[in-house]
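Notes for the structure review
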Amino acid sequence: MRRALLAITGLAASTTALVVLKGAPGTSQAAQDRPVAEAPVVPGGSAAPDPTPGGVTPSARPGATVKPSARAGATRTPGARTSSTTTRATAAAPRTTTSAPKVTTRTVTGPVVTYRYGSLQVRITLSGSRIVDATGVGMPLDGQSGLRSDDVQARYSGSSGEVVAKQSANLSTVSGATYTSTAYKQSLQAALDKA
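Figured I'd write up the structure that's included with this text. Predicted, not measured: the structure shown is a model, and the values here were computed from it.

Another aspect to go through is the overall build of the protein. A tally of regular secondary structure across the protein gives six helices and four strands. For the protein, the α and β elements follow one another from N to C terminus as α-α-α-β-β-β-β-α-α-α. A total of 195 residues make up the protein; the buried ones form 25% of that total. Restricting to contacts in the protein with at least 6 residues of sequence separation, those with at least 24 account for 47%. Counting every atom, the protein has about 13400 Å² of accessible surface; 58% of that belongs to carbon and sulfur.

Next up, the structure:
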């Protein structure tokens, strides 16, 4: 009894799946193979949308295959042929894709800012309008000033520095390097204004 019930249920499910898949839009050949003389035409000269769901004619049986007529081309009239060509050309038109706009990479250098321990300027690299890299140029290298410069460079500069992360000159001040931090931010802000 169980086997019979399972067999009937499986048969019903597979039949339902076949009917659904066979009747899905776009899988029917009837709409594509219909002779031009049968296609309804609206006053503008284009074919009217098919009033039947799925493009299947009411007389077609669910399991029947519709074959194109070999003589369909012989019965076309010049007006109907133009209409058919227009309809098929529109349906078969290739899709055009637009490529993404090319992003330009440019470098902008801020002015030289003189401060208590020397002078520096900031150079930023932008990809489009996004900052992708920043570096301090001409920073002091010797003694305590060099150490302060190294601390500022380590915090702010590079592709993973605070400038890239924040995308602005609103940076936190490096402890022990207030003058260097302030000069860096001033040159950075001027470079951003130029960009």
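With that out of the way, let us pick up the environment of K166. Mapped onto the elements, K166 comes out in helix α5 (residues 162-166). We classify K166 as partly exposed; its relative accessible area is 43%. Between the C-alpha atom of K166 and that of I131, which follows or precedes it by 35 residues, the distance is 9.2 Å. Residues in contact with K166, not counting those within four places in the same chain, are L171 and S172.

Another point: the packing of aromatic side chains. By the definition in use, this model includes two aromatic pairs. Taken together, a centroid distance of 4.9 Å and an interplanar angle of 45° make the contact between Y156 and Y184 tilted. In this pair, Y156 sits in helix α4 (residues 143-156) while Y184 sits in helix α6 (residues 178-194), placing the two residues 28 residues apart along the sequence. Judged on exposure class, the residue Y156 and its partner Y184 are both buried. Above the plane of the ring of Y117 lies R148, whose end atom (NZ or CZ) is 4.5 Å from the centre.

So, about the pattern of salt bridges. Evaluation of the coordinates by the stated rule reveals two salt bridges. Residue R155 pairs with E162 through a salt bridge whose shortest N-O separation is 3.9 Å. R155 gets classed as partly exposed once you look at its relative accessible area, which sits at 35%. Note that E162 is salt-bridged to K166, the shortest N-O span being 3.3 Å. Placement of the pair is E162 and K166 together in helix α5, with a separation of four residues, close to one helical turn.

Across its 17 residues, α6 extends 25 Å between first and last C-alpha, which sits within 8% of the 24 Å expected from 1.5 Å per residue. Residues of α6 that are buried include every one of T180, S181, A183, Y184, K185, S187, L188 and A191, and no others. On its buried side, α6 packs onto β1 (105-109), β2 (113-115), β3 (118-127), β4 (130-137), α4 and α5.

Moving on, we get to unusual backbone geometry. In the Ramachandran plot, Q167 falls in the positive-phi region, its phi being about 55° despite a non-glycine side chain. Relative to the elements of secondary structure, Q167 occurs in the loop between α5 and α6. Given a relative accessible area of 26%, Q167 falls into the partly exposed group.

Right, let's talk about the pairing of β3 for a bit. Both β1 and β3 contribute to a ladder of five bridges, which runs antiparallel. Residue T105 lies in a different strand from β3, and its bridge partner there is S127. Looking at chain direction, β2 and β3 are connected through three bridges and run antiparallel. By the bridge assignment for β3, T114 is matched with S119.

Conventions used here
- Residues numbered from 1 in each chain as written.
- Predicted model: local features only at pLDDT ≥ 70, side-chain atom pairs only at ≥ 80, totals over all residues.
- Heavy atoms only, no water.
- Helix = DSSP H or I, 4+ residues; strand = E, 2+ residues; numbered from the N terminus.
- Buried < 20%, exposed > 50% of the residue type's maximum accessible area, 1.4 Å probe, protein only.
- Contact = heavy atoms within 4.5 Å.
- Areas by Shrake-Rupley, 256 points an atom, 1.4 Å probe, with all protein chains shown as cover.
- Phe/Tyr/Trp six-rings, centres within 6.5 Å; stacked < 30°, edge-to-face > 60°.
- Lys NZ or Arg CZ within 6 Å of the ring centre and 35° of its normal.
- Salt bridge = Lys/Arg side-chain N within 4 Å of Asp/Glu carboxyl O.
- Expected span 1.5 Å × (residues − 1).
- Pairing = 2+ DSSP bridges.

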